[in-house]
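# Residue-level structure breakdown
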Amino acid sequence: MSTADILFDKLQHVTTAGPGCIYSRERCAELAPFVDAINELKKRRKAIILAHSYVNPEIVYGVADASGDSYQLAKIAKASDAEVIVFVAVRFMGETAKILNPGKTVLIPSEPDGCSLADSITGADVRKLKALHPGVPVLCYINTSAEVKAECDVCVTSSNVYDIVAKIPSRQIIFVPDKLMGKNVQEEMDRRGLDKELILWDGTCYVHEEYDPEMVRTLRDRHPGLQVMAHPECSPGILHLSDFVGSTSQLLKQMEKIDAPAYLMLTECGLSARLQVEMPQKQFVGTCSMCKYMKANNLADILRVLSEPKTRDFVEIPEDLRLKALACIERMFDYAG
Ligand code: 13P
Ligand code: SF4
């Protein structure tokens, strides 16, 4: 089969991400030369491509060597023996790969490369918080810059945050930057009967904070048996109405286990696109919510960073800062087991 046919075979069921996400035979034929050129260059440069599940499906299914949630990708980056890692996601994920692999070339192709959570806090902000609450351990969500991680004690991801907070031997914990995830963690600790007090920062994910509980109720009324699947960056009001809460990979795994007449995915629509590829028989309702940072990645830029990268495409982190950020991430691996 030609590359265009393989792409069409995979992507024909994708409908979730607006007009750009219609994978006709013609569109797949347009994408195929990029896919072939990237896969060829990848071999020559001894590179691997790691892609978050939110990026466009032609990247996940055309050129990525692995895709998943931020925890899985960090672990794969850590274990990799490739000389070059192209991290197709957002900057903080590429930084995490570089922190774990200082000897490797890490390239990030996207522009703009932000994240509303990572951009909400600086290292100086964390130092101020620590001065206000001396001796209180600081946990950071992985959606933070290397500079912020360097100021924090333990990193967490959406797949391990509840269990790691539960294990921290302190009643008070500073948790940055996601205020909504922090509130969800506080509720979960209360539910588990653990005496914890989380001190929160005012960051939010601009995609996940938008979901409206009223919309969930309306869709539940319209679709009897609807399964509501949410990411922990959503508000507590949304999580109260959800059947399952988890990281992007945990949501995907849960979807493999259950059978319902319809599903509402309360997370970025790249995940719904993956589900439509891998479980085309399932029915999805609701509208698409896109992360402009994740969707800034495209095949042309991946090809460019592999063939003629610009200075800004290389992730570089000063060694003293890297070592501090590494300690914060290594503690996550220790806690997560
Ligand atoms: P995951 O770790 O679940 O992939 O989440 C990362 C993220 O940015 C969600 O918005
Ligand atoms: Fe950041 Fe939200 Fe985009 Fe995830 S979806 S990368 S948290 S802005």
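For the structure given in this document, a descriptive report is provided here. Think of each chain on its own: its residues are numbered from 1, step by step along the sequence as written. To label them, take the chains in the order written and letter them from A, then take the ligands in the order written and number them from 1. Local features in this predicted model are restricted to residues of pLDDT 70 or higher, and side-chain atom pairs are both shown and tallied only at a pLDDT of 80 or more, whereas totals for entire chains, interfaces and linings draw on every residue. Excluded from the side-chain calculations are hydrogens and water; all other atoms, namely the structure's heavy atoms, are used.

## Describing the site of ligand 1
Around ligand 1, a shell composed of H52, Y54, D69, S70, Y141, N143, S158, H208, H231, E233, S247 and T248 is seen. Within the contact set of ligand 1, an oxygen atom lies 3.4 Å away from a side-chain nitrogen or oxygen of Y54. Separating an oxygen atom of ligand 1 from a side-chain N or O atom of E233 is a distance of 2.8 Å. Residue classes follow a fixed rule: Ala, Val, Leu, Ile, Met, Phe, Trp, Tyr, Cys and Pro count as nonpolar, while Asp, Glu, Lys and Arg count as charged, and any other residue, Gly among them, counts as polar. Across the shell around ligand 1, the residue classes break down as two nonpolar, eight polar and two charged. We define proximity as follows: a residue is near a molecule or strand when any one of its heavy atoms falls within 4 Å of that partner. Polar contacts, as used here, are pairs of N or O atoms within 3.5 Å; protein pairs need one atom able to donate a hydrogen and one able to accept it. Residues neighboring in sequence count only if both atoms are side-chain atoms.

## Digging into the pairing of strand β5 (residues 138-141)
Accessible area is worked out with a 1.4 Å probe on protein chains only. A residue is then buried under 20% of its type maximum, exposed over 50%, and partly exposed in between. Numbering of helices and strands runs from the N terminus; a helix is a DSSP stretch of H or I covering at least four residues, while a strand is a stretch of E covering at least two. Alternating positions in β5 separate into two faces, V138 and C140 on one and L139 and Y141 on the other, with burial throughout. Strand pairing is assigned whenever DSSP identifies at least 2 bridges connecting the two strands. Judged from the three bridges that link them, β5 and strand β7 (residues 172-176) form a sheet pairing that is parallel. If you follow C140 over to β7, its bridge partner there is V176. For β5 and strand β6 (residues 154-156), the ladder comprises three bridges, and the chain directions are parallel. Bridge pairing links Y141 to V156 in β6.

## Some remarks on unusual backbone geometry
Across the junction of V176 and P177, the peptide omega takes the value -10°, indicating a cis bond. The phi torsion at K46 lies on the positive side, around 50°, for a residue other than glycine.

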